[in-house]
Amino acid sequence: MALIVHKYGGTSMGSTERIKNVAKRVAKWHDAGHQIVVVPSAMSGETNRLIGLAKEIMPQPDPRELDMLASTGEQVSVALLSMALQTIGKEAVSYAGWQVPIKTDSAYTKARIQSIDDVRVRKDLEAGKVVIITGFQGVDDRGNITTLGRGGSDTSAVAVAAALKAAECLIYTDVDGVYTTDPRVVSEARRLKTVTFEEMLELASLGSKVLQIRSVEFAGNYKVPTRVLSSLTDPLMSLEEEASSGTLISFEEDTHMEQAVISGIAFNRDEAKITVLGVPDKPGIAFQILGPIADANIEVDMIIQNQSVDGKTDFTFTVPRGEYVKAMDVLNKNVKEHIGAGSIIGDSKVSKVSVVGVGMRSHVGIASQMFRTLSEEGINIQMISTSEIKISVLIDEKYMELAVRALHKAFDLEKA
Ligand code: ADP
Ligand code: ASP
Ligand code: MG
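Not measured: the values here are computed from a predicted model.

**Q** Describe the sheet that holds strand β14 (residues 303-305), and please don't skip the residues or the numbers.
**A** Spatially, the 6 strands line up as an open sheet ordered β14-β15-β13-β16-β18-β17, and their pairing is antiparallel. This sheet does not close on itself; its edge strands, each paired only once, are β14 and β17 (383-387). With direction set aside, neighbouring strand axes in the sheet form an average angle of 25°. Note that strand β13 (residues 264-280) and strand β16 (residues 344-356) share 10 bridges and pair antiparallel. Within the sheet, the bridge partner assigned to Ala-266 lies in β16 and is Ser-354. Packed onto the sheet, helix α12 (residues 366-376) meets β16, β17 and β18 (390-396) and runs at close to 20° relative to β18. Its contacts with the sheet place helix α13 (residues 400-410) against β13, β16 and β18, and it is angled at close to 125° to β13.

Rendered as structure tokens:
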């Protein structure tokens, strides 16, 4: 008997029919003698619908109220799933984040989990109940409901698994594992049987939305065995077969044998690039430009400063597209005159494409192969950044899918 956490995403919870299937799957695991905690997302489209309603009333919704609203989607899911389980004879109980409680900081819309109380949950599990906990939400120390950022139910699930020292966290979704790239963009993408924790961390941080990055961080920090698998298979398929399906996130590098040097390609459509032209080339300038950006709570990603000519240089960086207008505003109001810069220009239609693989550590020439492939497609590279196991390029958004497909082919990632 083991304690296992199941997470079901929006598509998996998308209709009452699908919720009944989730209940059948959960019951199958419970019947096999396991203690099961389920962490579902809101029904597909629901979180978007709620945020849309808020924006009809207030274009920039108040973050506290937005969390109060957006968190309701998951409350619907847990109650429906509990009913579906009870209908098939399983004792089940649902909880909202604040009832557990899952404590977070107060950063509305992007709160971080600080602690999870396991007392209530353990009591229910010991009494033989299936426990269902809302994904995506928590409560701060003043009792306000918070949410964890889009895709945050993954993080709730892995954090709950870590708190309960679960034997495994199974992330059920609408694909049957982690692929070499998004299978919706490249139909030849191949499922990986294992992916190393480090690679998964890079893929998630570079835009593969199959797992929210913070869930991967939790998995790594607490060594939670985590597997991504399909919720759309027959819920009554054999438990043994299901338990070894999908993609396992591995913590050992030597399990990385099936893949070539590159394991996957990630992309992020929603980038924006900003260049401050004619900046005096002297100490403190990067701080004077990026300090106010950080103070405005805007995340900066890629950064380059060019060679200076006559004591002046250009400083370029990227921000999430949704923060572009705010970042330009901050620079024009607080920075430009202060540092004596020329002008500020930007492009909000750029995307980032990245190749990732731990094999890069022991192979040279990956960057040149990537750049050659892009040049053969006539794609201009605007910025480059690298780490030990990834190379990212910033390109015009209209070439993003072409770039992903060409690189997928060039690095032999296609189905055998
Ligand atoms: P859920 O609602 O279950 O959380 P998400 O939509 O958040 O599901 O994540 C699953 C989706 O992630 C897939 O449908 C797929 O389009 C996308 N995706 C992006 N990159 C990858 C990848 N490398 N492997 C698998 N899926 C990926
Ligand atoms: N329902 C939330 C969202 O749509 C959380 C999640 O699905 O993981 O972002
Ligand atoms: Mg998701």
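There is more to say, and it comes next.
**Q** Can you explain the pairing of β13? Please cite residues and give values.
**A** The buried fraction of β13 is high, at 13 of 17 residues. With 8 bridges connecting them, β13 and strand β15 (residues 312-320) associate as antiparallel partners. Along β15, the bridge assignment pairs Thr-275 with Thr-316.

**Q** Explain the site of ligand 1 to me, and be specific about the residues and the numbers.
**A** The full set close to ligand 1 counts 16 residues, and Thr-173, Asp-174, Tyr-179, Asp-182 and Arg-184 are the nearest of them. Here an oxygen atom of ligand 1 sits 2.6 Å away from a polar atom, N or O, in the side chain of Thr-173. Interatomic distance of 2.5 Å between a side-chain N/O atom of Arg-184 and an oxygen atom of ligand 1. Classifying every residue of the shell around ligand 1 gives 5 nonpolar, 6 polar and 5 charged.

**Q** Lay out the packing of aromatic side chains in plain terms, naming residues and giving numbers.
**A** Applying the stated criterion to the full structure yields 4 aromatic pairs. Look at Phe-197 and Phe-251: their rings are 5.8 Å apart centre to centre, the planes differ by 40°, and that puts the pair in the tilted class. Taken together, the residues span a long stretch of sequence, with Phe-197 in helix α7 (residues 197-205) and Phe-251 in the loop between β12 (247-250) and β13 at a distance of 54 residues. Looking at Phe-197, the relative accessible area reads 19%, which means it is buried. Given the relative accessible area of 32%, Phe-251 is considered partly exposed. The interplanar angle of 20° and the centroid separation of 5.7 Å between the aromatic rings of Phe-218 and Tyr-222 together place this pair among those described as stacked.

Parameters and conventions
Residues numbered from 1 in each chain as written. Chains lettered and ligands numbered in written order. Predicted model: local features only at pLDDT ≥ 70, side-chain atom pairs only at ≥ 80, totals over all residues. Heavy atoms only, no water. Pairing = 2+ DSSP bridges. Helix = DSSP H or I, 4+ residues; strand = E, 2+ residues; numbered from the N terminus. Axes fitted to C-alpha atoms, helices over the stretch in contact; angles between N-to-C directions. Contact = heavy atoms within 4.5 Å. Buried < 20%, exposed > 50% of the residue type's maximum accessible area, 1.4 Å probe, protein only. Near = heavy atom within 4 Å. Polar contact = N/O pair within 3.5 Å; in protein donor to acceptor, adjacent residues only side chain to side chain. Nonpolar A, V, L, I, M, F, W, Y, C, P; charged D, E, K, R; others polar. Phe/Tyr/Trp six-rings, centres within 6.5 Å; stacked < 30°, edge-to-face > 60°.

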